[in-house]
Amino acid sequence: MDAAWAAWTTVVVVTVAAAVALAAVVRQRDRRSARVARTDALTGLGNRHALTERLVRSLAAGERPGLLLLDLDGFKDVNDTLGHSAGDALLRQVAAVLRSGAGPQAQVTRLGGDEFAVLVPAPTGAQELEVLAKRLLAALSIGGFSSGQVPLDVQGSIGTALAGPDGTSAEELLQHADVAMYAAKRARAGVLRYDAAQDPHSTDALEVLGQLRRAMDEDQLVVHYQPKVAGGGHGQLLGFEALVRWQHPTRGLLAPAAFLPLVERTRLIHALTRWVLLTAVRQVATWRAQGLDTTVSVNISAATLDEGLLGMVEEALALTRWPAEQLVLEITETAIVVDPAGARRTVQRLRERGVRVSVDDFGAGATSLVHLRGLAVHELKVDRQFVSDLMAHPEDEVIVSSVIALAHRLGLVVVAEGVEDAVTAARLSAMGCDELQGYLFARPLPPADALRWARGELPAPQLGEPVDEPA
Ligand code: C2E
Ligand code: CA
Ligand code: CA
């Protein structure tokens with residue numbers, strides 16, 4: 001009995017010991033796999049899972065964390081041109097700079113691709129987040145990154161969101177920091193804080209977007225046309241720029257600034273671009289039948305500069321059987337900077353199709369010249385900001401005349417936009433500017449007025465006297 005009892009207890013003890021040992025092994029493995037599940041293998045930083053967990057814990061503890069979301073500019077270009085291992089190496093270098101720049105309290109994570117997040121556990125306010133974000137961007141821009149012998153210029157955009165005013169759950173904070181980051185990228189602002197009014201998911205914005213969807217079906221959108229004339233004082237009409245407006249049922253005629261930034265953050269921008277393109281091309285075909293043969297320039301948002309655009313262009317040209325050479329697409333530097341390789345491909349294919357491409361707002365961005373290399377564009381539009389200050393600021397004159405000289409050496413046509421007075425027009429012509437556009441010649445006009453203007457039937461606007469844009 002005793003012996004049997006002893007054997008029995010031995011079995012129990014051994015079994016328990018084995019179970020305990022096994023449990024320890026399992027726990028250790030679980031811990032390791034938990035760590036793996038929360039770690040980004042490439043950089044050793046935490047991953048999205050780790051960030052979400054920490055955010056949830058912090059919010060549950062009643063803290064008010066702040067979130068920074070960073071996305072690099074032109075990272076795809078590094079991957080495409082230098083290869084994936086160069087891209088990986090760059091991401092590791094960026095991770096190190098962020099970790100040392102963010103300080104010991106903050107948690108840096110990589111969310112995937114070239115997207116990083118910084119969680120600040122207890123910021124004093126939104127201002128502190130902004131200061132940190134700017135410091136990190138500065139650290140990246142002087143980071144001295146390189147791939148082999150090739151120095152890499154690293155820029156990025158950061159969106160910030162503060163728990164409380166900018167979101168109350170982990171999911172909301174992440175989403176709002178993301179919205180702010182895209183806004184920062186689009187506005188080339190570097191850093192932007194979340195702003196509900198500009199968020200396509202906020203209730204107000206959803207209402208506006210819903211109305212706009214209907215507006216497109218109900219012909220509330222209209223296109224106005226502003227002439228471009230030859231420099232050198234002849235004032236000969238060279239073409240029109242199509243500019244969209246929204247004839248809102250209660251708010252009156254809305255300028256693009258009132259709705260486009262919002263639309264550009266949603267898929268709706270594709271439908272809007274297609275609508276403007278088809279409307280403009282049809283309009284010019286109509287004018288042609290009325291004896292006015294001219295070109296039209298259509299603005300293309302960064303988000304629509306892709307394969308889909310080529311299809312829209314084909315559709316527009318087929319619809320009107322109108323010569324491709326008379327269509328100009330205006331793209332901004334932002335579109336080029338965000339995805340240089342993609343932009344190059346699309347522009348090249350447009351050019352092969354015979355459509356001309358213009359770089360709009362030239363000079364407003366910092367990285368312009370580098371990205372123009374190898375881009376098959378035919379025209380540069382000098383940003384309005386330089387033109388309007390031309391007389392007051394001698395340094396702007398230097399910029400404009402160097403841009404003109406440079407563009408001519410690259411075989412490009414130069415257009416100055418925002419020309420409001422005759423002195424500036426004369427000065428630009430003397431500098432060799434090929435084409436001029438601005439209130440001096442005409443405001444953007446409804447189609448019927450544009451035709452009358454072209455036929456010389458509308459009086460030129462009085463100089464110095466503001467002319468209201470006809471509704
Ligand atoms: P943008 O392409 O730079 O267009 C020129 C803007 O300058 C127009 O503003 C035009 O009305 C204004 N402007 C023309 N001459 C003068 C002048 O002498 N002085 C001043 N101060 N302004 C002048 P608008 O029509 O409000 O358009 C603003 C922006 O909205 C455009 O800037 C363009 O980026 C965008 N946009 C307009 N229509 C479309 C469109 O159909 N699609 C897309 N994607 N963007 C559009
Ligand atoms: Ca334009
Ligand atoms: Ca412009």
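Residues numbered from 1 in each chain as written. Chains lettered and ligands numbered in written order. Predicted model: local features only at pLDDT ≥ 70, side-chain atom pairs only at ≥ 80, totals over all residues. Heavy atoms only, no water.

Some thoughts on the coordination of the calcium ion (ligand 2)
Keep this limit in mind: Sites may look incomplete, because water is not among the atoms used; the donor set itself consists of N, O and S atoms within 2.8 Å of the metal (3.2 Å for Na, K and Ca). Helix numbers and strand numbers start at the N terminus; a helix is a DSSP run of H or I with at least 4 residues, a strand a run of E with at least 2. Type-normalised accessible area, obtained with a 1.4 Å probe on protein chains alone, sets the label of each residue: buried when under 20%, exposed when over 50%, and partly exposed for intermediate values.
Glu241 (OE), Asn299 (OD1), Glu330 (OE) and Asp360 (OD) make up the full set of protein donors to the calcium ion (ligand 2), lying at 2.1 to 2.3 Å. Donor residues for the calcium ion (ligand 2) sit on one chain with the sequence pattern E-x57-N-x30-E-x29-D. Distance-wise, the calcium ion (ligand 3) is placed 4.0 Å from the calcium ion (ligand 2), both being coordinated by Asp360. You can see Glu330 sitting in strand 12 (residues 327-332) and its partner Asp360 sitting in strand 13 (residues 356-362), a full 30 residues away along the chain. Overall, Asp360 belongs to the buried group, its relative accessible area being 6%.

What to know about the nonpolar core
Threshold: What we call a nonpolar core is a set of buried Ala, Val, Leu, Ile, Met, Phe, Trp, Tyr and Cys residues that are connected through their side-chain atoms within 4.5 Å. It only takes one pair of heavy atoms within 4.5 Å for two residues to be counted as in contact.
Leu327 and Leu329 are the most contacted members of the largest nonpolar core, which totals 83 residues. Tallying contributions element by element places helix 9 (residues 268-289) first for this core, with 11 residues. Not counting residues up to four positions away in its chain, the partners in contact with Leu327 are Leu277, Val281, Val296, Val298, Val313, Leu317, Trp322, Val355 and Arg356.

What about the confidence of the model for the protein chain?
Stated formally: The predictor attaches a confidence to each residue, called pLDDT, with possible values from 0 through 100.
Looking at the protein chain, the pLDDT average stands at 87 and 89% of residues meet or exceed 70. Per-residue pLDDT stays below 50 along residues 11-15; that stretch engages in 0 contacts with residues further than four places along the chain or on separate chains. With pLDDT under 50 throughout, residues 462-471 is counted as low confidence; its partners more than four residues away or in other chains account for 19 contacts.

Notes on the packing of helix 3 (residues 75-82) against helix 12 (residues 340-353)
Each pair of packed helices gets described by two things: the angle between the helix axes and the distance between those axes. The line we're drawing: Here, axes are lines fitted to C-alpha atoms. For helices the fit covers the stretch in contact, and angles between N-to-C directions go from 0 to 180 degrees. Any angle between 65 and 115 degrees counts as roughly perpendicular, while under 35 counts as roughly parallel, over 145 as roughly antiparallel, and the rest as oblique. Under the grouping applied here, Gly and all other residues not named as nonpolar or charged are polar, the nonpolar ones being Ala, Val, Leu, Ile, Met, Phe, Trp, Tyr, Cys and Pro and the charged ones Asp, Glu, Lys and Arg.
Running from amino to carboxyl end, helix 3 crosses helix 12 at an angle of 75°, the nearest separation of the two axes being 7 Å. Considered as vectors, helix 3 and helix 12 are oriented roughly perpendicular to each other. Residues Lys76, Asp77 and Asp80 of helix 3 lie in contact with helix 12, whose contacting residues are Pro340, Ala341, Arg344 and Arg345. Per-class residue counts for the contact of helix 3 with helix 12 are 2 nonpolar, no polar and 5 charged.

Focus on the packing of aromatic side chains
In plain terms, the rule: Any Phe, Tyr or Trp ring, taking Trp's six-membered ring, that has another such ring centre within 6.5 Å forms a pair; planes under 30 degrees apart are called stacked, those over 60 apart edge-to-face, and the others tilted. In our convention, an over-ring charge means Lys NZ or Arg CZ found within 6 Å of a ring centre and within 35 degrees of that ring's normal.
Under the criterion given, the structure shown has 4 aromatic pairs. Between the aromatic rings of Phe240 and Trp287, the centroid separation amounts to 5.0 Å while the plane-to-plane angle is 45°, which identifies the pairing as tilted. Remark: Trp287 occurs in helix 9 and Phe240 occurs in strand 9 (residues 237-248); sequence separation between them is 47 residues. With a centroid separation of 5.6 Å and an interplanar angle of 85°, the aromatic rings of Trp246 and Phe259 are classed as edge-to-face. Within this pair, whereas Trp246 is found in strand 9, its partner Phe259 is found in the loop between strand 10 (252-254) and helix 8 (260-263), the two being separated by 13 residues in sequence. According to the relative accessible area criterion, Trp246 is buried, its value standing at 1%. For Phe259, a relative accessible area of 1% puts it in the buried group. Each residue in the set Tyr225, Phe240 and Trp287 is aromatic and connected to the rest through ring pairs, giving one cluster. Cation over ring: Arg443 sits above Tyr439, and NZ or CZ is 3.6 Å from the ring centre.

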